[in-house]
Amino acid sequence: MEFLPLFITGTLVAATLYWFLFIYGSAERQGKLAVNLSGGSISSEKIQDKYKQYWSFFRRPEKIETAEKVPDFVDTFYNLVTDIYEWGWGQSFHFARPIPGKSDKEATRLHEEMVADLVKAKPGDRILDVGCGVGGPMRSIAAHSKANVVGITINDYQVGRARLHNKKAGLDALCEVVCGNFLEMPFSEGTFDGAYAIEATCHAPKLEDVYTEIYRVLKPGSLFVSLEWVSTDKYDTANPEHVKIIEEIARGNALPGVKSYDDVAKAAKKVGFQVLKEEDLAKPPALPWWGRLKMGRLAYWRNHILVTVLAAFRIAPKGTLEVHEMLVEAADYLTRSGDAGIFSPMHLIVCRKPESSKSC
Ligand SMILES: C=C(CC[C@@H](C)[C@H]1CC[C@H]2C3=CC[C@H]4[C@H](C)[C@@H](O)CC[C@]4(C)[C@H]3CC[C@]12C)C(C)C
Ligand SMILES: C[S@@+](CC[C@H](N)C(=O)[O-])C[C@H]1O[C@@H](n2cnc3c(N)ncnc32)[C@H](O)[C@@H]1O
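Criteria and cut-off values
- Residues numbered from 1 in each chain as written.
- Chains lettered and ligands numbered in written order.
- Predicted model: local features only at pLDDT ≥ 70, side-chain atom pairs only at ≥ 80, totals over all residues.
- Heavy atoms only, no water.
- Helix = DSSP H or I, 4+ residues; strand = E, 2+ residues; numbered from the N terminus.
- Rg over C-alpha atoms; globule rule 2.2 N^0.38 Å.
- Buried < 20%, exposed > 50% of the residue type's maximum accessible area, 1.4 Å probe, protein only.
- Contact = heavy atoms within 4.5 Å.
- Areas by Shrake-Rupley, 256 points an atom, 1.4 Å probe, with all protein chains shown as cover.
- Lys, Arg positive; Asp, Glu negative; His and termini not counted.
- Charge placed at Lys NZ, Arg CZ, Asp CG, Glu CD.
- UniProt positions renumbered as here; feature names shortened; annotations may be inferred.
- Phe/Tyr/Trp six-rings, centres within 6.5 Å; stacked < 30°, edge-to-face > 60°.
- Lys NZ or Arg CZ within 6 Å of the ring centre and 35° of its normal.
- Patch = residues over 30% accessible without salt bridge, like charges linked within 9 Å, V, L, I, M, F, W, Y side chains within 5 Å.
- Salt bridge = Lys/Arg side-chain N within 4 Å of Asp/Glu carboxyl O.
- Disulfide = S-S within 2.5 Å.
- 1 Å grid on protein atoms, 1.4 Å probe; cavity = no way out; pocket = protein on both sides within 12 Å on 5 of 7 lines; lining within 4 Å.
- Points joined across faces, edges and corners; volume = space filled by probe spheres on them.
- Near = heavy atom within 4 Å.
- Polar contact = N/O pair within 3.5 Å; in protein donor to acceptor, adjacent residues only side chain to side chain.
- Sits in = over half its atoms within 2 Å of the grid points.
- Nonpolar A, V, L, I, M, F, W, Y, C, P; charged D, E, K, R; others polar.

Asks: Please clarify how the overall build of the chain should be interpreted in this entry.
Replies: From N to C terminus, the chain includes 12 helices and 8 strands. For 360 residues, the compact-globule formula gives about 21 Å, and the C-alpha radius of gyration of the chain, at 21 Å, lands near that figure. In terms of principal-axis extent, the alpha carbons of the chain reach across some 90 × 50 × 40 Å. Here the chain holds 360 residues, and the buried ones make up 52% of them. The long-range fraction of contacts in the chain, counting pairs at least 24 apart against all pairs at least 6 apart in sequence, stands at 79%. Taken as a whole, the chain presents about 16,900 Å² of accessible surface, with 56% of it coming from carbon and sulfur. Seen as two clouds, the 44 positive and the 45 negative side-chain charges of the chain have centres 2 Å apart.

Structural data, given as structure tokens:
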């Protein structure tokens, strides 16, 4: 009795679960599946502890006596979030200005191609990607310009993911990935024809330090393009709500403090760059970069339920749920910063290393 309705309901539930777990992949519909979420290079049983260490360290990142520990904690952060980012966002770990009539994926690719054009990457060039993540931008830029791109990331789990994606995309002849600290790069002086950083140098305790390294490895006359995370001129340090939003952005994204928009050119000039262009790409008439986060709210709750179920069955390692919760919060503070106009993740700077490095 009542067998048919029961059978249909059961089949529907099973099919939905199967779709959720095995078919619903990343935003780019490839790569990560929910059942494969891991803690990067951290073993499953240590994820929860590592997350707690990360969280207490970044409570007051700017107060720490020494900035030396920052790269290690940034590395831990990316072990914790890389799979979730790939699964829920795609292979490019940055924002892009929405373009009417284009998908998020297309807008992201065009944003990356804009960087390739600004750095004037051309076939045969050797271009540096500072903080390359799992290589989404590197692949777009290599495919668009036919330049050789060398990416550096502090996180060895990302190195493995990036190499795998490069091979799958048939771009491994043009794209190389190195594990290392961008504050002490394992490259010789004057060996790159150009360099770019997409939403990555915000992890450096001092912008001058990473810019100094980039300046060192560039050939004289070559260009450096960066998209920086900054607080804008609307940020009011006397407004507690503003301060809270900016502090929480730092905490949920492994930043040793958020730089101000006017720190960027100052730091570039200080290390010897000529600043050719500076513009906040988030300013109107650009459509809100945080729109994708807002639209995704429903998806985050669906993802959260899925992660809860996977963690309960120990398919996702213990601690994954806390990390996901942190990201839900991070998305909320980023959205609030966008609505308030106090923060931009795409403050563009285009610099040149002078032909002769004589200082004036
Ligand atoms: C440049 C950086 C990263 C920027 C963005 C790529 C990420 C910032 C916040 C991230 C996310 C927030 C919510 C997650 C959601 C809860 C989950 O279900 C799926 C993944 C998210 C959408 C995730 C994706 C990446 C971000 C948008 C920083 C670190 C300097
Ligand atoms: C938000 S991700 C952006 C990745 C990539 N640019 C993209 O847009 O997809 C920031 C990247 O910077 C890297 N990073 C942060 N601090 C670093 C450091 N000290 N040395 C090298 N890489 C670093 C992280 O490992 C990560 O790959």
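Asks: Where do I start with the UniProt feature "domain: SAM-dependent methyltransferase Erg6/SMT-type" (unreviewed entry) in the chain in this structure?
Replies: Annotation from UniProt places "domain: SAM-dependent methyltransferase Erg6/SMT-type" (unreviewed entry) at residues 77–354. In residues 77–354, the share of helix is 45% and the share of strand is 20%. The end C-alpha atoms are 36 Å apart.

Asks: Explanation requested: the packing of aromatic side chains in the structure shown.
Replies: Applying the stated criterion across every chain yields a total of 18 aromatic pairs. Aromatic side chains Tyr-85 and Phe-93 sit 5.0 Å apart centroid to centroid with 90° between the ring planes, which places their arrangement in the edge-to-face category. Taking relative accessible area as the criterion, Tyr-85 reaches 18% and is therefore assigned buried. Cluster of aromatic residues (ring-pair linked, three or more members): Tyr-51, Tyr-54, Trp-55, Phe-77, Tyr-78, Tyr-85 and Phe-93. Over the ring of Trp-89 we find Arg-292, and its NZ or CZ is 3.6 Å from the ring centre. For the cation-ring pair, Lys-353 lies above Tyr-215, with the distance from its terminal atom to the ring centre recorded as 4.8 Å.

Asks: I tried to follow a nonpolar patch on the surface on my own but got confused; where do I start?
Replies: On the surface, a cluster of nonpolar side chains totalling about 560 Å² of accessible area is made up of Phe-3, Leu-4, Phe-7, Ile-8 and Leu-12. With respect to the secondary-structure elements, Leu-12 resides in helix α1 (residues 3–23).

Asks: For this particular structure, what's the right way to read the state of the cysteines?
Replies: Between two cysteines, a covalent bond joining their sulfur atoms is known as a disulfide. Within this structure, the stated rule accounts for 0 disulfides. No disulfide involves Cys-202; its nearest neighbouring cysteine sulfur is the one of Cys-132, lying 14 Å away. Classification of Cys-202 as buried rests on a relative accessible area of 5%.

Asks: Teacher, can you tell me more about empty space enclosed by the protein here?
Replies: To find leftover empty space, a probe the size of one water molecule is rolled over the atoms. Within the structure shown, the criterion is met by 3 cavities of 30 Å³ or more. Considered as a void within the structure, the largest cavity measures approximately 830 Å³ in volume. Lining the largest cavity are 46 residues, and of these Phe-77, Tyr-78, Tyr-85, Phe-93 and Asn-253 lie nearest its centre. Residue assignment for the lining of the largest cavity shows that the elements contributing at least two residues are α3 (70–88), β2 (148–153), α11 (297–312) and α12 (320–340).

Asks: I keep staring at the site of ligand 1 and nothing clicks. Help me out?
Replies: Around ligand 1, a shell composed of 22 residues is seen, among which Tyr-78, Tyr-85, Trp-229, Asn-303 and His-324 lie nearest. The separation between an oxygen atom of ligand 1 and a polar side-chain atom of Asn-303 is 2.8 Å. The separation between an oxygen atom of ligand 1 and a polar side-chain atom of His-324 is 2.6 Å. If you map ligand 1 onto the pockets, it falls in the largest cavity. Breaking the shell around ligand 1 down by element, the ones donating at least two residues are α3, α11 and α12. Here the residues of the shell around ligand 1 sort into 15 nonpolar, 6 polar and 1 charged.

Asks: Before we go on, may I ask you to explain the pattern of salt bridges in this structure?
Replies: Side chains that differ in sign of charge can pair as their charged atoms come close. A complete count under the given rule lists 13 salt bridges for this structure. For Arg-109, the salt bridge goes to Glu-113, with nearest N and O atoms at 3.1 Å. Here Arg-109 and its partner Glu-113 are both found in helix α4 (residues 104–118), 4 residues apart, which amounts to about one turn of the helix. Assessed through its relative accessible area of 13%, Glu-113 is described here as buried.

Asks: What is the right way to look at unusual backbone geometry in this model?
Replies: Keep in mind that most residues, glycine aside, have a negative phi and that most peptide bonds are trans. For the bond from Pro-284 to Pro-285, the omega torsion is 15°, close enough to zero to count as cis. Mapped onto the elements of the fold, Pro-285 is located in the loop between β7 (274–280) and α10 (291–295). Located in the positive-phi region is Glu-199, a residue other than glycine, with phi close to 50°. You can see Glu-199 is positioned in the loop between β4 (192–198) and α7 (207–217).

Asks: Can you walk me through the site of ligand 2 in this structure?
Replies: Near ligand 2 lie 19 residues; those nearest to it are Phe-93, Gly-131, Thr-153, Gln-158 and Phe-182. Between a nitrogen atom of ligand 2 and a main-chain N or O atom of Ile-154, the distance comes to 3.1 Å. Within the backbone of Ile-198, a nitrogen or oxygen atom sits 2.9 Å from a nitrogen atom of ligand 2. In isolation ligand 2 exposes 590 Å². Once the protein is present, 98% of that is buried. In this structure the site holding ligand 2 corresponds to the largest cavity. Grouping the amino acids of the shell around ligand 2 by side-chain chemistry returns 9 nonpolar, 9 polar and 1 charged.

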